[in-house]
2 protein chains.
Amino acid sequence: MRVLILGGGFGGVYTAVHLEKLLKREIAAGEVELSLVSREDYMVFQPMLPEVISGSIGIVETITPIRRMCPRTSLYTRVIEKIDVEKKRVWAGAGFGARGCDLGFDHLVIALGNVTSFAGQPGLAEHALPFKYLGDALNLRNRIIHTLEEADIETDPAIRRALLTFVVAGGGFSGVEAVAELNDFVSRVAKNFRSLKRQEMRVVLLHAGGLILPELPKSLAEFAQRLLARRGVELRLNTRLAGATAEGALLDNGERIPTRTLVSTVPSAPNPLVTTLPCKMERGRIVVNGHLEVPDRPGVWAIGDCAWIRDAKTGEQCPPTAQHAIREARCAAENIAASIRGGTKKTFSFQALGKLGSLGHRSAVAEVLGVKVSGFLAWFLWRTIYLMKLPGLDRKLRVATDWTLDLILPPDIVQLKTEKSIGIRREHFEPGEIIVREGDRGDWLYIIADGEVEVVRRVEDGHQILGCLGRGECFGEIALISDTPRTATVRSKTGVNVLAVDRDAFHTLFASLPPLRGFFEQLIEERVGGAPTPGADR
Amino acid sequence: MRVLILGGGFGGVYTAVHLEKLLKREIAAGEVELSLVSREDYMVFQPMLPEVISGSIGIVETITPIRRMCPRTSLYTRVIEKIDVEKKRVWAGAGFGARGCDLGFDHLVIALGNVTSFAGQPGLAEHALPFKYLGDALNLRNRIIHTLEEADIETDPAIRRALLTFVVAGGGFSGVEAVAELNDFVSRVAKNFRSLKRQEMRVVLLHAGGLILPELPKSLAEFAQRLLARRGVELRLNTRLAGATAEGALLDNGERIPTRTLVSTVPSAPNPLVTTLPCKMERGRIVVNGHLEVPDRPGVWAIGDCAWIRDAKTGEQCPPTAQHAIREARCAAENIAASIRGGTKKTFSFQALGKLGSLGHRSAVAEVLGVKVSGFLAWFLWRTIYLMKLPGLDRKLRVATDWTLDLILPPDIVQLKTEKSIGIRREHFEPGEIIVREGDRGDWLYIIADGEVEVVRRVEDGHQILGCLGRGECFGEIALISDTPRTATVRSKTGVNVLAVDRDAFHTLFASLPPLRGFFEQLIEERVGGAPTPGADR
């Protein structure tokens, strides 16, 4: 009997944990085989993710190796490419080399959660930082330190101001916790930068509603709002993020906040792997019956954020929280064990025990079993409860140690970059922005994916428009063959999406492809006349 | 008076530290301006880098923020692009956006060290892992965990064996410390992988000489060699690494060791920024006088691994070690202060205090002030000395805590990937290797940068050669438009370098470029006939 679990979040991992206990005998006898497919080999303990920003706990302490939590489950650290519930097969992508794998199942537990999606908001995919995975938290931390370092040596006051502006969009739990940690972090490290002062920094929280933390009772939300404001966070209520460019955040009222650090915690969309399944859906989530099984698909189960579950007692729809996912996992595991061994299946019902939100620096808001708590006591509660819930004794000990050290040691101020990424990036510009400035140096080539730009050159008595470029055309190619300053300014006429490619990437990628090489040789020939060809030095 | 320091290693950072002390008054009065340009905002404490592999100390503990070490120095976290000693200017690359910066100087300290270089060894740049920077240590750690995870679920015994083979090339200090930590780590975590046994794992150390650790006295080197062998490291003496492919290490005797993890600690080459300077060079290093100043270039100083320094007392050439770099930094700082304030310059002389090499798991070898020590005592000495030398009280405390926790807690077994890299990679194949296998799935397109491949298809009674492809041609393009299995096998005829591009990267990069798009549309048309074009779904 093969039980296959998809997803390495709370739902998937806890299903495996419970199945290992319930089916211990069968697994030992080789009658039941448990497998779990997850993109990462660890489970992220989401509540502690914001603390990675300020480094008050170490990077690996927020995550737990799945292998240690469920040692009798075969773990496939792979990306799932296709799920076929009719043929009962799942296709996972390649690990090393080009060999994918094809997994059969008798029982399938779908616990794939949802995904980050910036669809429909121009520029967000390119310029906003999501905040969901561990990698996101690390990237954000690197970005904050990077902007502070750049601001410290920047001489242009407008650019400096943009570098010192941090915008977080979304006033729910995750946005509030992120903005609180971000604000604490920049406040604490400001003194390590020679020319920066805390007062120059601007930390902004955008929230679509009139009061942040809509999940909480009004009095707690108001407490949180007052506290953040007192600590210097600028609250922009009834304001939505409409888009982003490399240089700023666009609000729905047309206002533009110049910033280089825009965090968006709002967007999550149904997982595309899930929405394409031939099952009944409700808002992109799989509808299951009271036993958490997919109707008409015996052996297929869905739990967590990707499942549409009604509470058996209240009839209400279950919210997408970790508390629920963990209980759903237990229920699904028990029902799978009952299916395998024979027995009665249970129906799912659970009422949340409470809600906790950290506000950074020894303050929090909490509602536990109906009691409202705020301030230091709530913060103490927050730390105690989450430390208890953190899986693994070793992690508990490490986090407790980190928290202790954090009381006496200064925060880290280093950027950790592990992979050297290839120099290619997507960028978005709103109409009228300068993409390349005459006289600047730079070694990026730009290819227009959408929109139009105009090329302008300074002349004695003003500016002269040299021409327009559109989709599929490129500019800046002269940077690939020499390091002379830019010979003209290029400005967006409409909203523009470009691909920027640096010199190394150009040579690596393009120079070995004859058609492209020919194209660029000709282009450079036309524009600069007789300059050496970009591939000629290879 | 502007003093500009290039390089964020021991030499550069300690020069700034000493100058801040020596010129305290002048800096406070604004008469002297100190700046330092470094690619990273931290200094790596190299001796502890191998411990990042096993995770016995945390990731950020091996590094110290430069900003905290020299708070009165302006730090530019930038890549240096050009040094002009005649015009007294240094050009640093862009931070955010496309604005580089142009720094003038009165005194210049060049402390740029050397660089990793795999030039001349085929396949090493693509497939060997360097071991010099913090990012390298993290990548290696991720790689080890990744191979163990893949081996755990691999069914093909040959691939499994290759995944469980770890090869380190270079038997000097850094190779020995790396192999020792690697061996300890795989031994400790083996039990966390369901189907793996320690005995199946093979850890190999390649060394060109007859005895490892040539820097140490023979008796210590022999001790180290015996200890490593007893702990299961396979020592291959008098053996050099000749090349690498995705599937293995090539030795100079023609032998091939199938492996997916090849670490090369050997290659370091002069920094190209340094070698192009109009100064007298010796083996790619800048020749300086007894004061560490470049002859005929007053105000230009060079120290550390990029300088060619003779000891004033012994007349011997100073070795490229951290001990020396730190003393050279002090001497250079004192001489710069003397130049600025007036005073006598000193000549440089220093004899190393000793040598220490960790052998992992509570053993080491050391020669301190002429006394040889090995085993546990040397290990204790190693930890004590390096803990004392680690800059910053906060780091000392954190490392001491980590070492304590490491005695009682299991090591971490998670892969930490921060950046999502674009799906493009370079690969190298030796003649006769299979690049794409008929029937496999895969979504990579391959572009041949050098060499020739043949395309083979299975027929009833064996194989049929369909044709040959060469430089600039590509294969696997069908994977970009459908997920059908590979229709043929592609095998290297000669040594082949390819660029592999995945589906997402293809669409991101290529689809918006009309000439390339046309090329692929035509190619796919020819090869598969009337299939949808790769850009059609965009």
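Residues numbered from 1 in each chain as written. Chains lettered and ligands numbered in written order. Predicted model: local features only at pLDDT ≥ 70, side-chain atom pairs only at ≥ 80, totals over all residues.

## Describing the overall build of chain A
A count of helical and extended segments in chain A gives 15 helices and 34 strands. The buried share of chain A, reckoned over its 538 residues, is 48%. Within chain A, contacts between residues separated by at least 24 positions form 67% of all contacts whose residues are at least 6 apart in sequence. (Helix = DSSP H or I, 4+ residues; strand = E, 2+ residues; numbered from the N terminus. Buried ≥ 20, exposed ≤ 12 C-beta atoms within 10 Å, placed from the backbone. Contact = placed C-beta atoms within 7 Å.)

## Focus on the pairing of strand β13 (residues 202-206) of chain B
Residue and element names in this part refer to chain B. By the bridge criterion, five bridges tie strand β12 (residues 165-169) to β13 in an arrangement that is parallel. Bridge pairing in β13 places Ala169 opposite Leu206. With four bridges joining them, β13 and strand β14 (residues 233-236) adopt parallel strand pairing. Residue pairing for β14: Val204 is matched across the bridge by Glu234. Note that the unit made of β13, helix α9 (residues 218-230) and β14 has a crossover that is right-handed. (Pairing = 2+ DSSP bridges. Right-handed = clockwise from strand over helix to strand, strands pointing away.)

## Points about the environment of Ile448(A)
Of note, Ile448(A) is situated in strand β29 (residues 444-450). With 23 C-beta atoms packed within 10 Å, Ile448(A) lands in the buried category.

## Some thoughts on the sheet that holds strand β21 (residues 285-287) of chain B
All names here are of chain B. Taken in spatial order, the three strands line up as β20-β21-β23 in an open sheet, and their pairing is mixed. Each edge of the sheet is formed by a strand with only one pairing partner; in this case those strands are β20 (281-282) and β23 (307-308). One ladder, built from two bridges, connects β21 with β23; its direction is parallel. Note on β23: the bridge partner recorded for Ile286 is Ala307.

## A few points about helix α11 (residues 322-341) of chain A
All names here are of chain A. For α11, with 20 residues, the first-to-last C-alpha span of 28 Å sits near the 28 Å given by 1.5 Å per residue. Most of α11 is tucked away: 14 of the 20 residues are buried. One or two steps after α11, the chain reaches Gly342, where phi turns positive at roughly 85 degrees. (Expected span 1.5 Å × (residues − 1).)

## Some points on the domain arrangement of chain A
Residues and elements named next belong to chain A. Per the domain assignment, the segments of chain A are domain 1 (2-39 + 78-115 + 269-341), domain 2 (124-266 + 355-408) and domain 3 (424-528). Taken over C-alpha atoms, the centre of domain 2 sits 36 Å from the centre of domain 3. For the side of domain 2 that touches domain 3, the per-class residue count stands at two nonpolar, two polar and two charged. (Domains from an automatic or database assignment. Nonpolar A, V, L, I, M, F, W, Y, C, P; charged D, E, K, R; others polar.)

## Some points on the sheet that holds strand β17 (residues 256-258) of chain A
Across a sheet, paired strands are connected by hydrogen bonds in the backbone, their directions being either parallel or antiparallel. Residue and element names in this part refer to chain A. Taken together, three strands build an open sheet; the order of strands is β15-β16-β17 and the sheet is antiparallel. For this open sheet the edge positions go to β15 (241-245) and β17, each flanked by a neighbour on one side alone. Sheet twist, expressed as the average angle between the axes of neighbouring strands with direction ignored, equals 20 degrees. Across three bridges, the pairing between strand β16 (residues 248-251) and β17 is antiparallel. When the sheet's bridge partners are listed, Ala249 is paired in β17 with Ile257. (Axes fitted to C-alpha atoms, helices over the stretch in contact; angles between N-to-C directions.)

## Quick notes on the environment of Ile80(B)
All names here are of chain B. Looking at where Ile80 falls in the secondary structure, it is placed in strand β6 (residues 80-84). A count of 20 C-beta atoms within 10 Å places Ile80 in the buried class. For the pair Ile80 and Ser38, spaced 42 residues apart in sequence, the C-alpha to C-alpha distance is 7.8 Å. With sequence-adjacent residues up to four places away left out, Ile80 is seen in contact with Leu6, Val37, Val90, Ala92 and Leu273.

## Let's talk about the packing of helix α1 (residues 10-22) of chain B against helix α11 (residues 322-341) of chain B
All names here are of chain B. Put simply, α1 and α11 touch, their axes get as near as 8 Å, and they point 35 degrees apart. The interaxial crossing formed by α1 with α11 has right-handed handedness. Along its contact with α1, which presents Phe10, Gly11, Tyr14, Thr15, His18, Leu19 and Leu22, the element α11 presents Ala322, Ala325, Ile326, Glu328, Ala329, Arg330, Ala332, Ala333, Glu334, Ile336 and Ala337. Among the residues making up the contact of α1 with α11, the classes are represented as 12 nonpolar, three polar and three charged. (Left-handed = near helix turned anticlockwise from the far one by under 90°.)

## Digging into the packing of helix α13 (residues 393-408) of chain A against helix α13 (residues 393-408) of chain B
Between α13(A) and α13(B), the least distance of the axes is 12 Å, while the angle of their chain directions is 160 degrees. Taken together, the axes of α13(A) and α13(B) lie roughly antiparallel to each other. Both α13(A) and α13(B) take part in a crossing whose hand is right-handed. In contact with Leu397(A), Arg398(A), Thr401(A) and Leu405(A) of α13(A), α13(B) contributes Leu397(B), Arg398(B), Thr401(B) and Leu405(B). (Parallel < 35°, antiparallel > 145°, perpendicular 65-115°, else oblique.)

## Structural notes on the environment of Leu397(A)
Relative to the helices and strands, Leu397(A) resides in helix α13. Separated by 10 residues in the primary sequence, Leu397(A) and Leu387(A) have C-alpha atoms spaced 9.1 Å apart. Look past the residues within four positions of Leu397(A) in its chain and what remains in contact with it is Leu405(B) and Leu409(B).

## Focus: helix α1 (residues 10-22) of chain A
Residue and element names in this part refer to chain A. Its 13 residues give α1 an end-to-end C-alpha distance of 18 Å, which sits within 8% of 18 Å, the value for a rise of 1.5 Å per residue. Buried residues dominate α1, accounting for 10 of its 13 residues. Restricting attention to buried positions, one finds in α1 the residues Phe10, Gly11, Gly12, Val13, Tyr14, Thr15, Ala16, Val17, His18 and Leu19. Turning to α1, the residues buried within the fold contact β1 (2-6), β2 (33-38), β3 (42-44), α4 (66-69), β9 (107-110) and α11.

## Some points on the pairing of strand β15 (residues 241-245) of chain B
Residue and element names in this part refer to chain B. Among the five residues that make up β15, four are buried, leaving the element largely enclosed by the rest of the structure. Inspection of the sheet shows β15 paired to strand β16 (residues 248-251) by four bridges, in the antiparallel sense. For Gly243, the partnering residue across the bridge sits in β16 and is Leu250. Turn length for the β15-β16 hairpin, with the two strands adjacent in sequence and antiparallel, is two residues.

## Here we look at unusual backbone geometry
All names here are of chain B. Even without glycine at this site, Arg283 takes up a positive phi of about 45 degrees. Relative to the helices and strands, Arg283 is located in the loop between β20 and β21. Non-glycine residue His361 carries a positive phi angle of around 20 degrees. Along the chain, His361 falls in the loop between β24 (354-358) and β25 (364-368).

## Observations concerning the confidence of the model for chain A
All names here are of chain A. For chain A, per-residue confidence averages 86 on the pLDDT scale, and residues scoring 70 or more make up 89% of the total. The lowest-confidence element of chain A is helix α15 (residues 514-528), averaging 67 in pLDDT; the highest-confidence one is β9, averaging 98. Here residues 530-538 is a poorly scored stretch, pLDDT under 50, and it has 16 contacts once near neighbours within four places are set aside; other chains count. Interface confidence in the predicted complex, given as ipTM, is 0.78; pTM for the same model is 0.81. (pLDDT = per-residue confidence, 0-100.)

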